[in-house]
Amino acid sequence: MGCLFCNILEKKIPASIVYEDEHAVAFRDVRPIAPTHVLVVPRKHIAGIRDLSAADATTIGQVFLAARQVAKQEGLEEHGYRLVVNDGDAAGQTVHHIHVHVLGGRDFTWPPG
């Protein structure tokens, strides 16, 4: 079956897609932890931050621009939102395809736990 997010990108698994362009796809998390919880993934499979190379700088930049667009589209800009990237199992990364969580619609505390 391979990577869950690659299967979503290839339309083998359905997802509630809210944004897509040539670099990234954004879809609603199936287990949201905030009123708005969208995942933004690059079309290119990169397992995690530790797997990035200089050649991936444009790809990752485009993912963050897509996250910004999702936040705007979801009406999160006025009150703020949180972007989260987990790297590795100990950090809570459950799908090893780099992705950005766009979280909003409630107040967040710091530090996160």
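Placed above this text is the structure.
Rules of the game
- Residues numbered from 1 in each chain as written.
- Predicted model: local features only at pLDDT ≥ 70, side-chain atom pairs only at ≥ 80, totals over all residues.
- Heavy atoms only, no water.
- Helix = DSSP H or I, 4+ residues; strand = E, 2+ residues; numbered from the N terminus.
- Polar contact = N/O pair within 3.5 Å; in protein donor to acceptor, adjacent residues only side chain to side chain.
- Contact = heavy atoms within 4.5 Å.
- Pairing = 2+ DSSP bridges.
- Axes fitted to C-alpha atoms, helices over the stretch in contact; angles between N-to-C directions.

Peer 1: Quick question: what am I supposed to make of the side chain of His37 here?
Peer 2: Here His37 lies in strand β3 (residues 36-42). A polar contact of 3.1 Å, which involves the side chain of His37, links it to the backbone nitrogen of Ile33. With near-sequence residues (within four places) excluded, His37 lies in contact with Phe27, Arg28, Asp29, Arg31, Pro32, His101, Val102 and Leu103.

Peer 1: Would you take a moment to explain the environment of His23 for this structure?
Peer 2: Positionally, His23 belongs in the loop between β1 (17-20) and β2 (24-28). Through-space distance from the C-alpha of His23 to that of Asp51 is 18 Å; in sequence the pair is 28 residues apart. If near-sequence neighbours (up to four positions away) are discounted, His23 is found in contact with Val41, Pro42, Arg43 and Gln62.

Peer 1: I keep staring at the sheet that holds β2 and nothing clicks. Help me out?
Peer 2: The strands making up a sheet associate through backbone hydrogen bonding, with each pair oriented either parallel or antiparallel. Strand order in the open sheet made by the five strands is β1-β2-β3-β5-β4, with antiparallel pairing throughout. A strand with exactly one partner marks an edge of an open sheet, and here the two such strands are β1 and β4 (82-84). Across the sheet, the axes of successive neighbouring strands diverge by a mean angle of 20°, strand direction being ignored. Strand direction decides the pairing type here: β4 and strand β5 (residues 100-104), joined by three bridges, are antiparallel. Across the sheet, Val84 pairs through a bridge with His101, a residue of β5. Across the face of the sheet, helix α2 (residues 57-73) comes into contact with β1, β2, β3, β4 and β5 while running at roughly 155° to β3.

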